[in-house]
Amino acid sequence: MSLVADAVEPMTAPKGVPVLEAKRLVKTFGKVVGLDGVSLQLHAGEVLAIIGDNGAGKSTLIKCLTGAYVPDQGELLLDGEPVHFKRPQDARDAGIETVYQNLAVSPALDVASNLFLGRERRKPGIAGTVFRALDTSGMRKEAREQVQRLGISTLQDVTVAVENLSGGQRQAVAVARAAAFGSKVVVLDEPTAALGVRESKQVLELIERLREQGVPVILISHNMPHVFQVADRIHIQRLGKRAATITPQSHSMTDAVAIMTGAADA
Ligand SMILES: Nc1ncnc2c1ncn2[C@@H]1O[C@H](COP(=O)(O)OP(=O)(O)OP(=O)(O)O)[C@@H](O)[C@H]1O
Ligand SMILES: [Mg+2]
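Everything numeric here is computed off the predicted structure, so don't read it as measured data.

Quick notes on the rules
- Residues numbered from 1 in each chain as written.
- Chains lettered and ligands numbered in written order.
- Predicted model: local features only at pLDDT ≥ 70, side-chain atom pairs only at ≥ 80, totals over all residues.
- Heavy atoms only, no water.
- Phe/Tyr/Trp six-rings, centres within 6.5 Å; stacked < 30°, edge-to-face > 60°.
- Helix = DSSP H or I, 4+ residues; strand = E, 2+ residues; numbered from the N terminus.
- Buried < 20%, exposed > 50% of the residue type's maximum accessible area, 1.4 Å probe, protein only.
- Lys NZ or Arg CZ within 6 Å of the ring centre and 35° of its normal.
- Polar contact = N/O pair within 3.5 Å; in protein donor to acceptor, adjacent residues only side chain to side chain.
- Pairing = 2+ DSSP bridges.
- Core = buried A, V, L, I, M, F, W, Y, C linked by side-chain atoms within 4.5 Å.
- Contact = heavy atoms within 4.5 Å.
- Near = heavy atom within 4 Å.
- Areas by Shrake-Rupley, 256 points an atom, 1.4 Å probe, with all protein chains shown as cover.
- Nonpolar A, V, L, I, M, F, W, Y, C, P; charged D, E, K, R; others polar.

**Q** Even after reading the chapter, I still don't get the packing of aromatic side chains, so can you show me in this structure?
**A** The description of an aromatic ring pair uses the distance of the two centres, along with the angle that the planes make with each other. One pass over the full model with this rule turns up one aromatic pair. An angle of 65° between the planes, with centres 5.4 Å apart, marks the rings of Phe 29 and Tyr 69 as edge-to-face. With Phe 29 in strand E1 (residues 20-29) and Tyr 69 in the loop between helix H1 (58-65) and strand E4 (73-78), this residue pair connects regions lying 40 residues apart in the sequence. We classify Phe 29 as partly exposed; its relative accessible area is 33%. The side chain of Lys 27 reaches across the aromatic face of Tyr 69, ending 5.4 Å from its centre.

Shown next, in the form of structure tokens:
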């Protein structure tokens, strides 16, 4: 196993200004230390996986990156500029889209409405500005294009209610939503946790397509084969700290699990 120092910039980090960078983030909940000085860099066109045992601080870390939590200490930089997100909408406005661990789609709404949830388009002119009429056909057209662009082949009809979709298709809608609006960064917390083999494959393909389009992705997953399949680099979180940042080339899955559980140092 090769050594990877846990400096602010790990040896595995690509060159250039990171799209998103966290420096020494600290987040406590009363006496519980969720994050203990965690740094992370996300570069253009890469998939960065975050792995770690239950309670290691993975969700807390991405919540601090995406405005769901305000860190107690530390810095956040977007394209090298300091940012201070107070709520998820701030991060969204800055181009960071997140699919949180507990999936947020509205089952009763159709696919197109879910894609545009919170960003509904109004009709042009008085109908839209005064009477707040929704531009349903425009949103459906764009939803269709988005679904096609992302290659979600099993999702034929964007007017179908999400509650009628399979788990994988629902997840695909959530990921598609993030992909549609995440102009800078897409963050996915356990996107394949509840999915079957075929459905997981679809979500992994979506992630690869996002990377092809130049959008960097942060992927949290417990699934080592998935992580090793799509990740360019792997951030290992242990007991609220970053234990190491490795690559699928530098370390095996067994090595990664050993670092994750504390059986081995990086
Ligand atoms: N809102 C909160 N209030 C109190 N403690 C919290 C809160 N959120 C997280 N924690 C604690 O912070 C630590 C890190 O939790 P976090 O949810 O980030 O872990 P995780 O790595 O995402 O775990 P999992 O794999 O189970 O999703 C845990 O000890 C957890 O109990
Ligand atoms: Mg979590």
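**Q** Is there a simple way to think about the side chain of Arg 233 in this case?
**A** By secondary structure assignment, the location of Arg 233 is in strand E9 (residues 233-238). Overall, the relative accessible area of 4% leaves Arg 233 in the buried class. Within the local environment of Arg 233, its side chain forms a polar contact with the backbone oxygen of Gln 41, the two atoms lying 2.7 Å apart. Within the structure, Arg 233 has its side chain in polar contact with the side chain of Glu 46 (distance 2.9 Å).

**Q** Would you mind going over the sheet that holds strand E5 (residues 81-82) with me for this structure?
**A** Note on sheets: strands pair through backbone hydrogen bonds, and any given pair is parallel or antiparallel. As summarised here, the arrangement of the four strands in space is E2-E1-E4-E5, forming an open sheet in which the pairing is antiparallel. Of all the strands in the sheet, just strand E2 (32-42) and E5 have a single pairing partner and so form its edges. Both E4 and E5 contribute to a ladder of two bridges, which runs antiparallel. Counted as the bridge partner of Leu 78 is Glu 81 from E5.

**Q** Looking at this model, I keep getting lost on the nonpolar core. Mind explaining?
**A** In globular proteins that are soluble, nonpolar side chains generally tend to be buried together. If you look at the biggest cluster of nonpolar residues, it comprises 24 residues, and the most contacted ones within it are Leu 20, Leu 40, Leu 61, Leu 65, Ile 96 and Ile 218. Secondary-structure elements contributing two or more residues to this core are E1, E2, strand E3 (47-51), H1, E4, strand E7 (185-189) and strand E8 (217-220). Leave out the neighbours within four places in its chain, and Leu 61 touches Leu 25, Leu 35, Val 38, Leu 40, Ile 50, His 235 and Gln 237. One finds Leu 188, Val 203, Val 215 and Val 217 within the second-largest nonpolar core, a separate group that totals 19 residues.

**Q** Explain the site of ligand 1 here, please?
**A** In the region of ligand 1, 14 residues are neighbours, and Asn 54, Gly 55, Lys 58, Ser 59 and Thr 60 sit closest. Between ligand 1 and Ser 59, the relevant distance is 2.9 Å, taken from an oxygen atom to a main-chain nitrogen or oxygen of the residue. Contact between ligand 1 and His 222: an oxygen atom at 3.3 Å from a side-chain N or O atom of the residue. Here ligand 1 loses 64% of its free accessible area of 630 Å² to cover by the protein chains. Breaking the shell around ligand 1 down by element, the ones donating at least two residues are E2 and H1. If you tally residues by element for the shell around ligand 1, the top one is H1, at three residues. Classifying every residue of the shell around ligand 1 by side-chain character gives four nonpolar, eight polar and two charged.

Geometric values such as these leave the question of function open.
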